[in-house]
Amino acid sequence: MLQFHEHIVSELLEDENGGLVILASGLGLHKIVSSLLLLHSPSQGSVFVLSASDSQKSAIKNELILNSPSPNFAEIAFDSSSQHRQELYSEGGIFFITTRVLIVDMLNSRVPMSRVAGIVILNAHKLTETCTEAFIVRVYRSFNRAGYVRAFSDKPQAMVSGFAKTERIMKALFIRRLFLWPRFQVFVSDDLERNPPEVIDFRIPLSGHMKGIQTALLEVMDACLKELKKTNKVDVDDLTVENGLFKSFDEIVRSQLDPIWHVISKKTKQLVYDLQSLRRLADYLVRYDSVAFLRYLDTLRVSEGIRSVWMFAASSQKIFELAKKSVYRLAKGSEGDLAVVAASRVRGRLGKSRIEEGSEADGRNVDEAATSDEQGKRSAARSGVVLEAVLEEPPKWKVLRGVLEEIENKMKNQALSGKGECTSEELDHGAILVACKDERSCMQLQDCMAKGARQVMNEEWEKYLVGRIELHGLRTQSNKKRKKELAGFGILNGTVPAGPVETTETGNMYLLEHNVLLAAAADVGKRIKQGTVVNNALLPEASKAGHGQGRGKGACVKAKWTKFPSVKSNKEKHSEISELEKEKVEHKDYLADVSESESNKKEKCDIADVERVLANPETCSCSETQTVEKWIHDVNSNGSGSNCSTPVVHFYALESDQHILDVLRPSVIICYHPDMTFVREIEVYKAEYPSKKLQVYFLFYDDSTEVQKFEASIRRENGAFESLIRQKSLMMFPVDQDGRCLGLTILSEPQSLDSRNALTRKAGGRKLPEKQMQVIVDMREFMSSLPNVLHQKGMKIVPITLEVGDYVLSPLMCVERKSISDLFSSFISGRLYNQVETMVRYYRIPVLLIEFSQDKSFSFQSASDIGEDVVPTSIISKLSLLVLHFPRLRLVWSRSLHATAEVFASLKANQDEPDEAAAMRVGIPSDEGIIQDDVRAENYNTSAVEFLRSLPGVTDSNYRKIMDGCKSLADLAILPVEELAELMGGQRAAHTLRDFLDAKFPTLL
């Protein structure tokens, strides 16, 4: 542990009630939490760790395993039995548990509160006053006031969003102490700057096309922000281009517009979505290659189309034109000849995987494109146009290759100067770590280092052309469907028909470009059928923001551990590339080579075990972890041979959020995509190993949004800490905020003067004891915050598993709660109809509660959008039909969670309290098959209805018509097929049921 880590731990231990720690990102939060947990003894009771992400839990468990001979922790999942959980609680220890399981066990008295030593809450910036964590702390403080509550957060920017968010979180958690640890704190800066690493900063100029695209993107973004300012609906101070580069900008804008979202114009809504697309484009420009960027642009053009506002800006056309010029261009060729010319075009080694991926649908698309291919060839041949593939490589690729070559040459020189052997200090963990933003970048850089940049770009170009084939196939199918439609003037079906009058230069160039690309795509499609195109790579999608799929989940080992190829001269490189078509390059794993060469010297370690331990350290034993770490140390120290000529290159995805530095312990780190959090992790890593020689390379695009975003992230964090320091000096907490006062409830709120005077006539104004209200809540409802608010209002919460409804307020009243998103999805799936039907069947007063969010508009849609007629797609029409079909159903509209609690209190007035045992039996048949309190049994034979619904062809949509058309099952058995088809809504369902009823029963004779 570093010195400032010890200071943080000592400050928390001094206060018995705990506190809130806000730490700068990347300063080792998992090490602080694990150090506190290591000081806990099972004899002290239980400690619950809440709200930890998967990566945080993995890092904390790994620290506990490494630093404790017998770590006493367990993870309690939702599928564990209640008896097993109760046994674990009584034994004590450290428990990683979900909030829903813990609050249910607390309310059911399965957790011995006096035996709980404390609660540790991570990601405190995500908490609110109504969250389940606040519910847990309130229940815990009501039974145990001696324990501690410690909350942690490493996102200071999120702690200053909103009004007094930090103070509100501390009040909800009953915490009075706030600990701030920014990067510029004295102890932190002294520890991290005592032995800084050697830093080499590369400022790489953008290519001409990239610079033009970036300028156009910023201009379009600025234009969209100006349009958004004209609406006078958003705070102007937040609308800057610099803020627009961060993902939090979307949340800021939406939080301001959500209360009036139903009244703002469609243009304003589209501007908000356009700013998200422009931010992703600016990010993808410096993250991916030119072909992937062009393909993403094509995706945006198809998905957003005419709805987009930014595509009609003056600078948007420049973005598309420069993106195309960085990939291909049209050039004059010899007449009658059409060719696809690519600079140094190379076809990689043949693979069978693409043949397997080439489905019959691809073959149909190629065949359908054949006719258009011939037309495109003839059209392009008449004009003498040649498609020349430019395939501009990202400038960082060349610099990265040069850095790796420099490191290799340096190790060679060290080996020669040391007479063929490197010293242990120079070779201490000689691994190279390349940090990229996502997994796709890791895999692409790995292929680039192994195959060469030109071949990787050619493969991406071929995949882009394959995408053009698939898109053309879809358009061809849609055009075939429109052939029989009537022709007209103007825009028809979203397209403008091109007639013979359209002879403008722009239209001709676009048609010519389309024909040439289609011809090249058809050529690639033919080679797909022959198996001469390599595997399809992961490409960024508009909805997933560039996350990779298919090869792993984003850890360092998922990007393969490869041996860096020996450095060759330019002539040797070109000769190697030209021979790739003839030679099949085998991509051997470096770890396998090392383990094979060292098999005679030491015990052989399986690569699968290494990947398993590094990917899931919490599932492995302490001995396995230590064995793998020792083996990695031996590989990095001795695996490269006595001449030290081939360093090991590891590619690490920053989005995986795994702490890989302590495991790999690299000597060279290359920040391909600089990130502030990862830079802090490097500083902590170097401070923990001061004697280790560490070189850090930063690859920045000069004068780019990448540099601007990196520098802005540091300024934003420092500004957040300065704001928190000012807030801390002005905070005012009640003296009893440590848990002795649990807040006012409905039962303890002071009455008004008039109400007190009104009671003086009855027994001298003596207040009669009131019975506590009780609400039975379904276990699944604890994912929401409503049970917390009900408990805060003084109601007793009884969690059980309900078959009917979500809340039971009385023996006669049941409530089905729906949020807005859940209401829409329930109507689409038909689930709401069945839920209302069961409530009407078992309860006298069924209630459908429609709950809105407090920070959003209290309306489905604007009043002008509501029509007079019933529309199948309108939510108002659906609700009207639902109420007409179930007359006893009551609709309750709620503006917020607190309004729902007030509604529940008024509905429970003059009502008996619900019985827990009776609520559990509702909807569940007894051993005799009888269902209690079945309202439907008064008018129908429920057993016969259930039997009818189980017959083939009978569905939820037609069984009521069958019941209206038949008096009994005997009448149903003799109905002809024609009448059955009329009742069941189709011939197919009628024949299915008739065949079942007329089927012969097999006998034993």
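Per chain, the residues get numbers from 1 upward, laid out in the order the sequence is written. Reporting of local features is limited, given that this is a predicted model, to residues whose pLDDT is at least 70; pairs of side-chain atoms are given and counted only at 80 or more, and all residues count toward the totals for whole chains, interfaces and linings. Side-chain measures were taken over the full set of non-hydrogen atoms in the model, leaving aside hydrogen atoms and water.

A. Molecular detail of the overall build of the protein chain. Put simply, DSSP marks the helices as runs of H or I at least four residues long and the strands as runs of E at least two long, and each gets a number from the N terminus on. Looking only at helices and strands, one finds 40 helices and 22 strands in the protein chain. Here a residue-residue contact requires only that any non-hydrogen atoms of the pair lie within 4.5 Å. Contacts spanning at least 24 positions in sequence make up 77% of the contacts within the protein chain whose residues lie at least 6 apart. Surface summary for the protein chain: the accessible area is close to 50400 Å², and the carbon and sulfur share equals 52%. For every accessible area listed, the method is Shrake-Rupley and the probe measures 1.4 Å; residues are considered covered only by the protein chains on display.

B. Broad picture of the nonpolar core. Note on terminology: a nonpolar core comprises buried Ala, Val, Leu, Ile, Met, Phe, Trp, Tyr and Cys residues joined through side-chain atoms within 4.5 Å. Each residue's exposure class comes from its accessible area (1.4 Å probe, protein chains only) as a fraction of the maximum for that residue type: buried when under 20%, exposed when over 50%, partly exposed otherwise. Core analysis: the largest hydrophobic core is formed by 94 residues, its most contacted members being L37, F48, V120, I121, F152, L790 and F904. Discounting residues that sit within four places of it in the chain, F152 has contacts with L12, L20, V21, L29, I32, V33, L36, V120, I121, L122, N123 and A124. Counting residues in hydrophobic clusters, the runner-up holds 82 residues, among them M210, I264, Y296 and L445.

C. How the structure looks around the environment of V399. Assignment of secondary structure puts V399 in helix α18 (residues 395–417). Along the sequence, V399 and L699 sit 300 residues apart, while their C-alpha atoms lie 8.1 Å from each other.

D. Main features of helix α31 (residues 820–829). Of the residues making up α31, those classed as buried are L823, S826 and F827. All buried residues of α31 lie within an arc of 100° about the axis, which places them on one face of the element. Away from its buried face by more than 90 degrees, α31 exposes S821, I828 and S829. The elements touched by buried residues of α31 are β20 (813–819), α32 (831–842), β21 (845–851) and α33 (875–885). A positive phi of about 85° marks G830, the residue just after α31. The arc in question is formed by the directions pointing from the helix axis toward the C-beta atoms.

E. A look at the sheet that holds strand β5 (residues 116–121). The pairing criterion for strands is at least two bridges between them, as found by DSSP. Ordered by their spatial adjacency, seven strands build an open sheet running β3-β4-β2-β5-β6-β1-β7, and the pairing between neighbours is parallel. In this open sheet, the two strands that pair with only one neighbour each are β3 (73–76) and β7 (178–181). For this sheet the average axis-to-axis angle between neighbouring strands, irrespective of direction, equals 20°. Relative to strand β4 (residues 93–97), strand β2 (residues 46–50) runs parallel, the two being bridged by four bridges. Bridged to S46 within β4 is G93. The sheet contacts of helix α28 (residues 705–730) involve β1 (18–23) and β7, and relative to β7 the element is tilted by about 150°. Lines fitted to C-alpha atoms define the axes, with helix axes restricted to the stretch in contact, and inter-axis angles between N-to-C directions lie between 0 and 180 degrees.

F. Quick peek at empty space enclosed by the protein. Points on a 1 Å grid over protein atoms alone make up a cavity when a 1.4 Å probe fits among them but cannot get out, and a pocket when they form an open set with protein on both sides within 12 Å along at least five of seven lines; lining residues each have an atom within 4 Å of a point. Grid points are joined across faces, edges and corners, and a volume is the space filled by probe spheres set on the points. Counted under the stated rule, the structure contains eight cavities of 30 Å³ or more. Of the voids in this model, the largest cavity is the one considered here, and its volume is about 120 Å³. If you go around the largest cavity, you meet 13 residues; those closest to its centre are M210, L285, D289, S290 and E392. Secondary-structure elements contributing two or more residues to the lining of the largest cavity are α10 (208–230) and α14 (290–304). If one sorts the elements of the lining of the largest cavity by residue count, α10 sits on top with three residues. Ten residue types, Ala, Val, Leu, Ile, Met, Phe, Trp, Tyr, Cys and Pro, are classed as nonpolar, four, Asp, Glu, Lys and Arg, as charged, and the remainder, Gly among them, as polar. In terms of residue class, the lining of the largest cavity is made up of seven nonpolar, three polar and three charged.

G. Layout of the packing of aromatic side chains. Only rings of Phe, Tyr and Trp enter the pairing, Trp through its six-membered ring, and a pair is recorded when the two centres are within 6.5 Å. The plane angle decides the type: under 30 degrees is stacked, over 60 is edge-to-face, the rest tilted. With the rule as written, the count across this model stands at 19 aromatic pairs. An aromatic cluster of at least three residues, connected via ring pairs, comprises F48, Y89 and F95. In this scheme, Lys NZ or Arg CZ marks a charge over a ring once it lies within 6 Å of the ring centre and within 35 degrees of the ring normal. In this structure, K396 is placed above the aromatic ring of Y672, and the distance from its NZ or CZ to the ring centre is 5.1 Å.

H. Region of the structure containing the packing of helix α5 (residues 99–107) against helix α6 (residues 132–143). At a minimum axis distance of 10 Å, the contact between α5 and α6 shows a crossing angle of 30°. Compared by their axis directions, α5 and α6 come out roughly parallel. α6 is crossed by α5, and the crossing has left-handed handedness. From α5, T99, L102, I103, M106 and L107 reach across to α6, where they touch T132, E133, F135, I136, V139 and Y140. In the contact of α5 with α6, the residues fall into eight nonpolar, two polar and one charged. Throughout this description, any angle smaller than 35 degrees is read as roughly parallel, any larger than 145 degrees as roughly antiparallel, any in the 65 to 115 degree range as roughly perpendicular, and the remainder as oblique. Left-handed is the label given to a crossing in which the near helix is rotated counterclockwise from the far helix by less than a right angle, and right-handed is the label when the rotation is clockwise.

I. Region of the structure containing the side chain of S894. Summarising the element assignment, S894 is placed in strand β22 (residues 890–894). We classify S894 as buried; its relative accessible area is 1%. Discounting chain neighbours no more than four positions away, the residues touching S894 are L849, I850, E851, F852, F858, A899 and T900.

J. Expanded view of unusual backbone geometry. Its identity is not glycine, yet A164 carries a phi of approximately 50°, on the positive side. Within the element layout of this structure, A164 appears in the loop between α7 (156–159) and α8 (165–172).

K. Structural view of helix α2 (residues 29–38). Taken across its ten residues, α2 has nine buried, putting it largely inside the fold. Considered for burial, the residues of α2 that qualify are L29, H30, K31, I32, V33, S34, S35, L36 and L37.

L. View of the environment of Y807. Mapping Y807 onto the fold places it in strand β19 (residues 807–810). By the criterion applied in these results, polar contacts are pairs of N or O atoms within 3.5 Å in which, for protein atoms, one can donate a hydrogen and the other can accept it, and in which residues neighboring in sequence qualify only through two side-chain atoms. Reaching out from Y807, the side chain makes a polar contact with the side chain of E781 at a distance of 2.9 Å.

M. Structural view of the confidence of the model for the protein chain. Values of pLDDT, the confidence the predictor places in each residue, fall between 0 and 100. Here the protein chain shows a mean pLDDT of 75. Residues at 70 or above account for 69%. Low pLDDT (under 50) marks residues 533–608, which in the prediction has 140 contacts with non-local residues, meaning those over four places away or in another chain. Per-residue pLDDT stays below 50 along residues 742–755; that stretch engages in 19 contacts with residues further than four places along the chain or on separate chains.

N. Highlighting the packing of helix α13 (residues 266–287) against α14. Where α13 contacts α14, the axes come no closer than 10 Å and their chain directions differ by 165°. As the angle between them shows, α13 and α14 are arranged roughly antiparallel. As for how α13 packs across α14, the hand of that crossing is right-handed. Note on element contacts: α14 touches α13 through F293, Y296, L297, L300 and E304, opposite D274, S277, R280, L281, Y284 and L285. Per-class residue counts for the contact of α13 with α14 are seven nonpolar, one polar and three charged.

O. Broad picture of the pairing of strand β14 (residues 648–653). Summarising burial for β14: six of the six residues are buried, a large majority. Of the two faces of β14, the one carrying V648, H650 and Y652 and the one carrying V649, F651 and A653 are both buried. Bridge count for strand β12 (residues 431–436) against β14 is six bridges, and the pairing is parallel. Considered in β14, the bridge of I432 is made with V649.

P. Spotlight on the sheet that holds β19. Strand order across the open sheet formed by six strands is β18-β17-β19-β20-β21-β22, with mixed pairing between neighbours. In the strand order of this sheet, the two ends are held by β18 (796–800) and β22, each with one partner. Adjacent strand axes in the sheet meet at a mean angle of 25° when their direction is disregarded. For strand β17 (residues 774–778) and β19, the ladder comprises two bridges, and the chain directions are antiparallel. Each residue of the ladder has a partner; that of V777, found in β19, is Y807. Where α31 meets the sheet, it contacts β20 and β21, and its direction lies at approximately 100° from that of β20. Across the sheet, α32 is in contact with β20 and β21; its angle to β20 comes to roughly 165°.

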